[in-house]
Amino acid sequence: MRRLELQWFCAVGLSGRIHEQLENTVRSEARLHIRNAVLSDVPAICSLSERVYAEAGMKGYSSGAITGQINNFPDGQFVITADDNVIGYCATFITRGEIALKPHSWVEITGNGYAARHDPGGDWLYGMEVCVDPDYRGYHLGQRLYNQRKKLCEERKLKGIVFIGRLPTLARRIKRYGTAENYVREVQEKRQRDPVLSFQLRNRFEIIGVIPDYISNDQQSLGYGVHLVWRNPKVVEDAKAAKPKYSGGRLADSVRVGTVQYMLRRVHSFEEFIKFVEYFVDVVAAYNGDFVVFPELFTLQLLSIENREMPPAEAIAALTEYTPRFREAMRDMALRHNINIIGGSHPTKVPSGRVENISYIFLRDGSIYEQPKIHPAPNEVAWWNIEGGDSVAAIETDCGPIGVLVCYDAEFPELVRHLTDQGIQILFVPFCTDERQSYLRVRYCCHARAVENQIYVVMSGNVGNLPNVSNMDIQYAQSCVLTPCDFPFARDGIAADTTPNVETVAIADLRPDTLVTARNNGTVRNLRDRRHDLYGVVWRGK
């Protein structure tokens, strides 16, 4: 855990010769450009934060955290670029005064760095991050980012900006001044200069207090932070006029999803298998669907082509050979039918030689994403020696960020919370269960994830059987679309359901703005009421 409202203008440097060349390049050729951060900037922002925080002995942001910041409040994240290189980053979110104006910790208010507590109905802009490439000092990049924040605050008619500033020289001076409060007072009265606080005071930020233990591992600041505000001069404090509400991003009014309860049957060729799949893609596309979802391991149907039961090792090796053709055919389908396809899951041999159970996501713009199953079920390990992946990431689509978890993974709350912190509002769960108890275990867990994260969950399962395919003897499924349980949603928290063990399709319209309303003004507000001061999810994977 780390991070204050930072001004890291001189954290790390190149050699003098390289730095001189860089400065000359900047002055003669590069153009500085400030714009909103987008998801393609995530790797560059992570790299920048790693360089900036190296001197302080703290880690930079993970890609998941930056993804969450952008997805949760796209309008509030800014980058400065020079010749398309990200050299500055600024992160903000909207919150309520009763939260931001009282003492708090960085982990608690930022949702562990994901901006997960962004509240579109709030009245203050919270500044959670400013970091600047140390090799570009002298160009007032920090000032430019602060000005951009003020502009955003004024445009949104918010009361002002709140943030916590660090005290990078406090550890060296604490003996002289005795307390952090005494040191801050000396800086405020201009009897002592501080490299960060003095800059902030010149920018007309007002000190409202000193917070201990804001970030416990900021050794230079001894964990202290200075509580600062900038009051929007264009907003009268006691104005009673209602300000417009913002949802934090541009999402479709509704998203139409179709879940396919797929019948496993013998096929005689890869082309016949694709023909069955395309039938359902065409059906959901004909209803103007945005997403069509297939079950976990539905490609095991391809093993029936041989019309004989193969040893498990031979079977899984044969199945992985279909991966290139499967990817190509499904991508083509998504393009031709103009629909996003959650391609169930397919055992795949990865470059390391391991076999992973991977869900392929084919977007209608032609892009392909992969989400490996993190927790292989015991029977997958026993029969096919499938191993778990190590990455869980939100996927940006034309309907907003989504998440995909394969079957057993939905039974682990931490994974879904990690995706929710990254900004997802819809979770797709392809599953494969053999009998009713197994199915209900997955379904109950999926509904719990919908309630605790206030998201939609779409389940898609197999029915039928494949007698000559090991571990696929029987199937039980009741595919469905689940919602949180509150007044804006269906009475039982079920937007769509299917008849068990019948090949069919269920279609539902999901409204992202209803989730936003529930998260901020619902009967219960699970996301908003989390105790970030007591617990959180720390992601160690990719």
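Along each chain, residue indices are assigned from 1 in the same order as the chain's sequence is written. Totals for whole chains, interfaces and linings use all residues, but because this is a predicted model, local features are given only for residues with pLDDT of at least 70 and pairs of side-chain atoms are given and counted only at 80 or more. The side-chain values count all of the structure's non-hydrogen atoms but skip hydrogen atoms and water molecules.

Here's the deal with the overall build of the chain
Inference 1: Helix and strand counts for the chain come out as 16 helices and 20 strands.
Inference 2: All radius of gyration figures rest on C-alpha atoms, and the globule criterion is 2.2 Å times the number of residues raised to 0.38. The C-alpha radius of gyration of the chain comes to 26 Å, within 12% of the 24 Å expected for a compact globule of 542 residues.
Inference 3: Summarising its shape, the C-alpha atoms of the chain cover approximately 85 × 60 × 40 Å along the three principal directions.
Inference 4: Within the chain, the proportion of its 542 residues that are buried is 58%.
Inference 5: For this analysis, residues touch if any pair of their heavy atoms sits within 4.5 Å. Taking all contacts inside the chain whose residues are at least 6 apart in sequence as the whole, residues at least 24 apart take part in 73%.
Inference 6: With residues, only the protein chains shown are counted as cover, and all accessible areas are computed by Shrake-Rupley using a 1.4 Å probe. Carbon and sulfur atoms make up 49% of the accessible area of the chain, which amounts to about 22,900 Å² in all.
Inference 7: The sign given to each residue is positive for Lys and Arg and negative for Asp and Glu; His and the chain ends receive no count. For the purpose of locating charges, the reference atoms are NZ of Lys, CZ of Arg, CG of Asp and CD of Glu. When the 63 basic and 65 acidic side-chain charges of the chain are each reduced to a single mean position, those positions are 8 Å apart. The secondary structure listing takes helices from DSSP runs of H or I that are at least 4 residues long and strands from runs of E that are at least 2 residues long, numbered from the N terminus. Exposed residues in this analysis have more than 50% of their type's maximum accessible area, buried residues have under 20%, and partly exposed residues fall in between, with area computed by a 1.4 Å probe over protein chains only.

Side note on the sheet that holds strand E1 (residues 32-36)
Inference 1: When DSSP finds at least two bridges between two strands, those strands are taken to pair. Judged by pairing direction, the sheet is mixed, and its 7 strands sit side by side in the order E1-E2-E3-E4-E5-E7-E6 without closing on themselves. Only two strands of the sheet have a single partner each, and these edge strands are E1 and strand E6 (206-211). Recorded for the sheet is a direction-independent mean angle of 25 degrees between the axes of neighbouring strands.
Inference 2: Pairing geometry for strand E4 (residues 124-132) and strand E5 (residues 160-165), over 4 bridges, is parallel. Within E5, the position partnered with Gly 127 by the bridge is Phe 163.
Inference 3: Helix H3 (residues 63-72) rests against strand E2 (77-82), strand E3 (85-95) and E4 of the sheet, and its axis sits at about 60 degrees to E3. Axes, fitted as lines to C-alpha atoms, cover a helix only where it is in contact. Angles between the N-to-C directions of the axes lie from 0 to 180 degrees.

What about the pattern of salt bridges?
Oppositely charged side chains can pair when the atoms bearing their charge come close.
Inference 1: The term salt bridge refers to a side-chain nitrogen of Lys or Arg lying within 4 Å of a carboxyl oxygen of Asp or Glu. The final tally for this structure, using the stated rule, is 28 salt bridges.
Inference 2: When the shortest N-O distance is used, the salt bridge between Asp 509 and Arg 256 registers 2.6 Å. Remark: Arg 256 occurs in strand E8 (residues 255-264) and Asp 509 occurs in strand E20 (residues 504-510); sequence separation between them is 253 residues.
Inference 3: Overall, Asp 509 belongs to the partly exposed group, its relative accessible area being 41%.
Inference 4: In this structure Arg 256 comes out as partly exposed when scored by relative accessible area, which is 27%.
Inference 5: The residue Arg 336 makes a salt bridge to Asp 332 at a minimum N-O spacing of 2.6 Å. Of this pair, Arg 336 and Asp 332 both sit in helix H12 (residues 323-337), 4 residues apart, roughly one helical turn.
Inference 6: Salt bridges sharing common partners tie together Arg 96, Asp 119 and Arg 528.

Observations regarding the pairing of strand E17 (residues 456-464)
For a regular strand, the rule is simple: side chains alternate between the two faces of the sheet.
Inference 1: Most of E17 sits inside the fold, with 8 of its 9 residues counted as buried.
Inference 2: With 3 bridges connecting them, E8 and E17 associate as parallel partners. Each bridged residue has a counterpart across the sheet, and for Leu 264 the counterpart in E17 is Gly 464.
Inference 3: Pairing analysis gives 6 bridges linking strand E16 (residues 426-431) to E17, with the strands arranged parallel. Within the sheet, the bridge partner assigned to Val 429 lies in E17 and is Met 459.
Inference 4: Seen with the strands pointing away from the viewer, any crossover whose path from the first strand over the helix to the second strand runs clockwise is right-handed. Viewed along the sheet, the connection from E16 through helix H15 (residues 436-453) into E17 turns out right-handed.
Inference 5: Pairing analysis gives 3 bridges linking E17 to strand E18 (residues 480-482), with the strands arranged antiparallel. The residue of E18 that forms the bridge with Val 457 is Leu 482.

Observations regarding the side chain of Asn 340
Inference 1: In this fold, Asn 340 is placed in strand E10 (residues 340-342).
Inference 2: Asn 340 gets classed as buried once you look at its relative accessible area, which sits at 1%.
Inference 3: Here a polar contact means two N or O atoms within 3.5 Å. Within protein one must be a hydrogen donor candidate and the other an acceptor candidate, and residues neighboring in sequence count only if both atoms are side-chain atoms. Here Asp 398 takes part through its side chain, which lies 3.2 Å from a polar atom of the side chain of Asn 340.
Inference 4: Those residues in contact with Asn 340 that lie beyond four places of it in its chain are Asp 290, Phe 291, Val 292, Phe 362, Leu 363, Arg 364 and Asp 398.

Structural notes on the environment of Ile 80
Inference 1: In this fold, Ile 80 is placed in strand E2.
Inference 2: Among the residues examined, Ile 80 registers a relative accessible area of 0% and is labelled buried.
Inference 3: Residues Ile 80 and Gly 142, spaced 62 residues apart in sequence, show a C-alpha to C-alpha distance of 9.8 Å.
Inference 4: Non-local contacts of Ile 80, meaning those with residues more than four positions away in its chain, are made with Leu 32, His 33, Ile 34, Asn 85, Val 86, Ile 87, Gly 88, Leu 141, Arg 144 and Leu 145.

Focus: the packing of helix H7 (residues 170-177) against helix H8 (residues 180-188)
Inference 1: At a minimum axis distance of 9 Å, the contact between H7 and H8 shows a crossing angle of 95 degrees. With respect to each other, H7 and H8 are oriented roughly perpendicular. Across the interface between the two elements, Leu 170, Arg 173, Ile 174 and Tyr 177 of H7 pack against Ala 180, Asn 182, Tyr 183 and Glu 186 of H8.
Inference 2: Residue polarity follows a fixed list, in which Ala, Val, Leu, Ile, Met, Phe, Trp, Tyr, Cys and Pro are nonpolar, Asp, Glu, Lys and Arg are charged, and the others, Gly among them, are polar. Of the residues contributing to the contact of H7 with H8, the split by class is 5 nonpolar, 1 polar and 2 charged. Angular relationships are summarised with four words: roughly parallel below 35 degrees, roughly antiparallel beyond 145, roughly perpendicular across 65 to 115, and oblique for the angles in between.

Observations regarding the confidence of the model for the chain
Inference 1: You can read pLDDT as the predictor saying how much it trusts each residue, on a scale of 0 to 100. For the chain, per-residue confidence averages 88 on the pLDDT scale, and residues scoring 70 or more make up 92% of the total.
Inference 2: Here residues 1-28 scores under 50 on pLDDT; set against residues more than four positions off or in separate chains, the count is 90 contacts.
Inference 3: The low-confidence segment residues 239-251 (pLDDT under 50) makes 24 contacts with residues lying over four places distant or belonging to another chain.

Points about the nonpolar core
Inference 1: Ile 66, Tyr 89, Leu 125, Tyr 126, Met 128, Leu 197 and Tyr 214 are the most contacted members of the largest nonpolar core, which totals 71 residues.
Inference 2: Beyond its immediate chain neighbours, meaning those up to four positions away, Leu 197 contacts Leu 167, Val 184, Val 187, Ile 207, Val 226 and Leu 228.
Inference 3: As used here, the term nonpolar core means buried Ala, Val, Leu, Ile, Met, Phe, Trp, Tyr and Cys residues forming a set that is joined through side-chain atoms within 4.5 Å. Within the second largest apolar cluster, 43 residues are counted, among which are Val 292, Ala 315, Met 333 and Val 355.

Let's talk about the side chain of Thr 514
Inference 1: Counting through the fold element by element, Thr 514 comes out in helix H16 (residues 512-521).
Inference 2: Judged by relative accessible area, Thr 514 falls into the buried class, the value being 17%.

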